[in-house]
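Now for the letters of each chain:
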There are 2 protein chains.
Amino acid sequence: MAKLKSAALEKSSHLEYFNIAVSVDCVIFAYAEKALKVLLIQSDLEEFAGMYSLLGDLVRPDEDLDEASYRVLRERTDLHDVYLEQVHTFGNLNRHPSGRVITTAYYSLINLKNNKLQLTHNELSWHDVNKVRKLAFDHKQILDTCLQRLREKVLEQPIVFNLLPEKFSLRELQDLYEAILGVELDRRNFRKRIILKDWLIDLNEMEVDVPHRPGKLYKLRPSLKRNGKLSVKSEQKLTA
Amino acid sequence: MAKLKSAALEKSSHLEYFNIAVSVDCVIFAYAEKALKVLLIQSDLEEFAGMYSLLGDLVRPDEDLDEASYRVLRERTDLHDVYLEQVHTFGNLNRHPSGRVITTAYYSLINLKNNKLQLTHNELSWHDVNKVRKLAFDHKQILDTCLQRLREKVLEQPIVFNLLPEKFSLRELQDLYEAILGVELDRRNFRKRIILKDWLIDLNEMEVDVPHRPGKLYKLRPSLKRNGKLSVKSEQKLTA
DNA sequence: GCAAAAGTGTTAATCTTACACCCATGC
DNA sequence: GCATGGGTGTAAGATTAACACTTTTGC
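Okay, so let's go over this structure.

### Overview of the overall build of chain A
- Counting its secondary structure elements, chain A contains five helices and 11 strands.
- Per-residue burial over chain A gives 52% buried out of 240 residues.

### Quick word on the protein's contact with DNA strand D
- What surrounds DNA strand D is a group of 22 residues, the closest being Arg213(A), Arg187(B), Arg191(B), Lys192(B) and Lys216(B).
- When atoms of DNA strand D within 4 Å of the protein are sorted by moiety, sugar and phosphate together comprise 41%.
- Side-chain polar atom of Arg187(B) to a base nitrogen of DNA strand D: 2.6 Å apart, as the coordinates give it.
- Those elements that place two or more of their residues in the surface near DNA strand D are helix 5 (187-197) of chain A together with helix 5 (187-196) of chain B.
- Within the surface near DNA strand D, the residues separate by chemical class into five nonpolar, five polar and 12 charged.

### Examining the environment of Lys134(B)
Residue and element names in this part refer to chain B.
- Among the secondary structure elements, Lys-134 is positioned in the loop between strand 8 (124-128) and helix 3 (139-154).
- For Lys-134, a relative accessible area of 65% corresponds to the exposed category.
- Considered as a pair, Lys-134 and Ser-53 are 81 residues apart in the sequence and their alpha carbons are 9.0 Å apart.

### Thoughts on the protein's contact with DNA strand C
- Near DNA strand C there are 22 residues, and of these Arg171(A), Arg187(A), Arg191(A), Lys216(A) and Arg213(B) occur at the shortest range.
- A breakdown of the atoms of DNA strand C within 4 Å of the protein gives sugar and phosphate a share of 41%.
- Note that a phosphate oxygen of DNA strand C is positioned 3.3 Å from one of the side-chain N or O atoms of Arg171(A).
- Listed by contribution, the elements that provide at least two residues to the surface near DNA strand C are helix 5 of chain A together with helix 5 of chain B.

### Structural notes on the pairing of strand 1 (residues 21-32) of chain B
Residues and elements named next belong to chain B.
- The element strand 1 is largely enclosed, with a buried count of 12 among its 12 residues.
- Burial of strand 1 is two-sided: the residues Ala-21, Ser-23, Asp-25, Val-27, Phe-29 and Tyr-31 facing one way and the residues Val-22, Val-24, Cys-26, Ile-28, Ala-30 and Ala-32 facing the other way are all buried.
- Note: strand 1 against strand 6 (residues 101-109), nine bridges, orientation parallel. Bridging across to strand 6, Phe-29 finds its partner in Leu-109.
- Examined bridge by bridge, strand 1 and strand 4 (residues 55-58) share four bridges and lie antiparallel to one another. Residue pairing across strands places Cys-26 opposite Leu-55, the latter belonging to strand 4.

Cut-off values and rules
- Residues numbered from 1 in each chain as written.
- Chains lettered and ligands numbered in written order.
- Predicted model: local features only at pLDDT ≥ 70, side-chain atom pairs only at ≥ 80, totals over all residues.
- Heavy atoms only, no water.
- Helix = DSSP H or I, 4+ residues; strand = E, 2+ residues; numbered from the N terminus.
- Buried < 20%, exposed > 50% of the residue type's maximum accessible area, 1.4 Å probe, protein only.
- Near = heavy atom within 4 Å.
- Polar contact = N/O pair within 3.5 Å; in protein donor to acceptor, adjacent residues only side chain to side chain.
- Nonpolar A, V, L, I, M, F, W, Y, C, P; charged D, E, K, R; others polar.
- Pairing = 2+ DSSP bridges.

Below, the structure written as structure tokens:
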């Protein structure tokens, strides 16, 4: 067997490799105007002048990777306890003009209504995901990858509720699913399935100020809340 | 709008962040003796003396992230065109005793029969995935995560064929699914489903040298081969 | 009273599961 | 001829998909 080396020795012999920068990028989703939106910022690099990019930052040497993406969210949106999921790490050689930077992509789901950050805030702005054409770096590919993952995940896990206010009607919930999946769903079948899943609690309250018959209001069963850290697996599935 | 800065300037202002090391770790799966195996190496760090770890290496500044994992595979197994899938990036602060190292985990599927690398080769050895208890670093967690992803993926995509020889019987294929999923499958239902998927081509050949009635041999439809780079999505699903 | 969306059930089609007997080969 | 696994079909149950009318509210 080869001679053992200590970790300290290994570190010194590999110092020349400590020259790849590590960043995180967050695809921050929200729901407004019956559309799925993504939060973008004007790029501050000459190379991408006039283009938008995702929100990201270099990972600090003294913070966990997941923590870095929570920090980006906190700094940008002032939100804590946000749903966040790691999706993929992008590491092509020339993805960043500043040099070698690999980035780990996360997506997060936030509720615009709860948020001081409304539709404009310095250089940040919300964009309909279906209308985003081109982004700085490889961020369009990152957005597409995260959107695809979100679509897969919402069929199986009760995570869309992070995009809605505490109380919502079944119609709002269905509109949201339709916006995410990009398909129309049958109303009766949707309602049956979602009730069967037992994700919801009937609040015995009604919508107010709607110009038509008010719908019942529901909330997510509290034990299923997935705000903040580490999402857990369940067995359930909502087939569209 | 904030003043634009050039990429070169941004790089110099962030030099202090270029001190996180980036590695890849490969969970190399193979199939032998009706069990799913994983290739491990004796750790060469004092801190983990006597323990096994996954195969990994630091990413070189001049290679893509994906390429780094292909390189690890090539160097260790002498195999090219191997199925490889990125799973997750692990970036906890203290996951590596040498310092700050984040690692991107991949799993790969190789066919032991085609491989010069047989059951022993210096410090490398194959271990039944169900019998692995403890590994160096956070490698047990990485193994578990990759195994879980593999289990999800084999239900939807024709990837298990990377673990089998070119020609195989339906019994061998079923044994392999059972080994991966850790469940028993009904023989008639399995055969119906797998034939329905249209993944296989009947070779009009029979097993030889079996001590019972020989089974028909099949191969994967060539258009579905997923060796090497980038796997593609299809719609199919094999429910167990 | 009319526009707008809420609420609600049934049927047909499809998919999934459970299950048992005869067949071909090596020894 | 016997042990071993190969090969095959059907029926019951569960799930999914398609589809229309009545109700409640605001105006």
